[in-house]
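# Coordinate analysis (summary)
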Amino acid sequence: MAGHSQFKNIMHRKGAQDAKRAKQFAKVIREITVATREGMPDPAMNPRLRAAISAAREVNMPKDTVERAIKKASGAGGGDDYTEVRYEGYGPAGVAVIVEGLTDNRNRTASDVRAAFSKHGGSLGETNSVSFMFTRLGVITYPADAASEDDLIEAGLEAGAENVETVDGMHEVTCPVESFFAVRDALETRFGEPASAKLDWRPSNTVELDEDKARSVFKLIDTLEDHDDVQAVYANFDVPDDVAEKLSA
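Definitions and cut-offs
- Residues numbered from 1 in each chain as written.
- Predicted model: local features only at pLDDT ≥ 70, side-chain atom pairs only at ≥ 80, totals over all residues.
- Heavy atoms only, no water.
- UniProt positions renumbered as here; feature names shortened; annotations may be inferred.
- Helix = DSSP H or I, 4+ residues; strand = E, 2+ residues; numbered from the N terminus.
- Buried < 20%, exposed > 50% of the residue type's maximum accessible area, 1.4 Å probe, protein only.
- Pairing = 2+ DSSP bridges.
- Patch = residues over 30% accessible without salt bridge, like charges linked within 9 Å, V, L, I, M, F, W, Y side chains within 5 Å.
- Areas by Shrake-Rupley, 256 points an atom, 1.4 Å probe, with all protein chains shown as cover.
- Salt bridge = Lys/Arg side-chain N within 4 Å of Asp/Glu carboxyl O.
- Lys, Arg positive; Asp, Glu negative; His and termini not counted.
- Charge placed at Lys NZ, Arg CZ, Asp CG, Glu CD.
- Expected span 1.5 Å × (residues − 1).
- Arc of directions from axis to C-beta.
- Contact = heavy atoms within 4.5 Å.
- Polar contact = N/O pair within 3.5 Å; in protein donor to acceptor, adjacent residues only side chain to side chain.

An unreviewed UniProt entry annotates the chain as Probable transcriptional regulatory protein CFR80_05830 of Komagataeibacter oboediens. What UniProt states about the chain under its Sequence similarities (unreviewed entry) heading is, verbatim, "Belongs to the TACO1 family." Heading Subcellular location (unreviewed entry) of the UniProt record for the chain holds this comment: "Cytoplasm".

Right under this line is the structure:
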């Protein structure tokens, strides 16, 4: 889950890292498939595909795996057709949750997501039932040594970015969704490939969780993230450092 993975401990699961890697690959391949069909198989002419290839690099996907996925998606027949879906609801403690996915069966995915919310003390809502509490934006990050903050601010603002912050050794550039590809490409041309570049949901306010509530919320998020059709999960919770340390011990 974006921004909160440091609070979760999956190391105790047998084969958790290998399983997670396989799921990451599968999710990225779905995005490559959709991006290729939506545009062109040439990344230079397809901004969404470039973003998908960047995501593939983040999870260390081999180059030949990426190329096979593009070739399969652009060929005759092309394999499965995926539809973009978004679900919104409330988890334990009133935490707002947004789930984004790519599915070849809307009914199955909706049923599974609804069941996950119900099982873990939450409830699935209607579209836009919680997204008004978040801001959709583009986020591009660079290591602090890749460029000075002043240079990033200058280049980012010129390309359409709204803000640049340096946190924990990383520069984070944020921009409106409609400027995302232009900002990313402008920064990449000047400073090289970013550490990450993606669209994100950022909460306007957060719900602070104690240990019991945090554990319940993490169980819901883990269940959702483990689903093959789910690409990303976002939520508006905040966990104090001492609680995070207990849960990751």
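## Observations concerning the UniProt feature "domain: TACO1/YebC-like second and third" (unreviewed entry) in the chain
Per the UniProt entry, the sites bearing "domain: TACO1/YebC-like second and third" (unreviewed entry) are residues 82-237 in this numbering. Secondary structure content for residues 82-237 is 34% helix and 37% strand, while the C-alpha to C-alpha distance between its ends is 30 Å.

## Digging into the pairing of strand E9 (residues 230-235)
With five of its six residues buried, E9 lies for the most part within the structure. Sheet topology note: the strand E2 (residues 96-103)/E9 ladder contains five bridges and is antiparallel. Within E9, the position partnered with Ile98 by the bridge is Tyr234.

## Some words on a negative patch on the surface
A contiguous patch of negative charge, built from Glu208, Asp210, Asp238, Asp241, Asp242 and Glu245, is present on the exposed surface. Sort the elements by how many residues they give to the negative patch and helix H8 (residues 241-248) lands first, with three residues. Of note, Asp238 is situated in strand E10 (residues 237-238).

## Digging into helix H4 (residues 106-119)
Counting along an α-helix, one turn takes 3.6 residues, and residues three or four places apart therefore face a common direction. Helix length check: H4 (14 residues) gives 20 Å between terminal C-alpha atoms against 20 Å at 1.5 Å per residue, within 8%. When we look at burial in H4, the residues that qualify are Thr109, Ala110, Val113, Ala116 and Phe117. Considered in projection along H4, the buried side chains sweep an arc of 125 degrees and stay on one side of the axis. Pointing more than 90 degrees away from the buried face of H4 are the exposed residues Asn107, Ser118 and Lys119. Lining the buried residues of H4 we find strand E1 (83-90), E2, strand E3 (123-124) and helix H7 (211-226). Measuring from the side-chain oxygen of the N-cap residue of H4 to the backbone nitrogen of Asn107 gives 3.2 Å; that N-cap residue is Asn105. At the C-terminal side of H4, Gly121 shows a positive phi close to 80 degrees.

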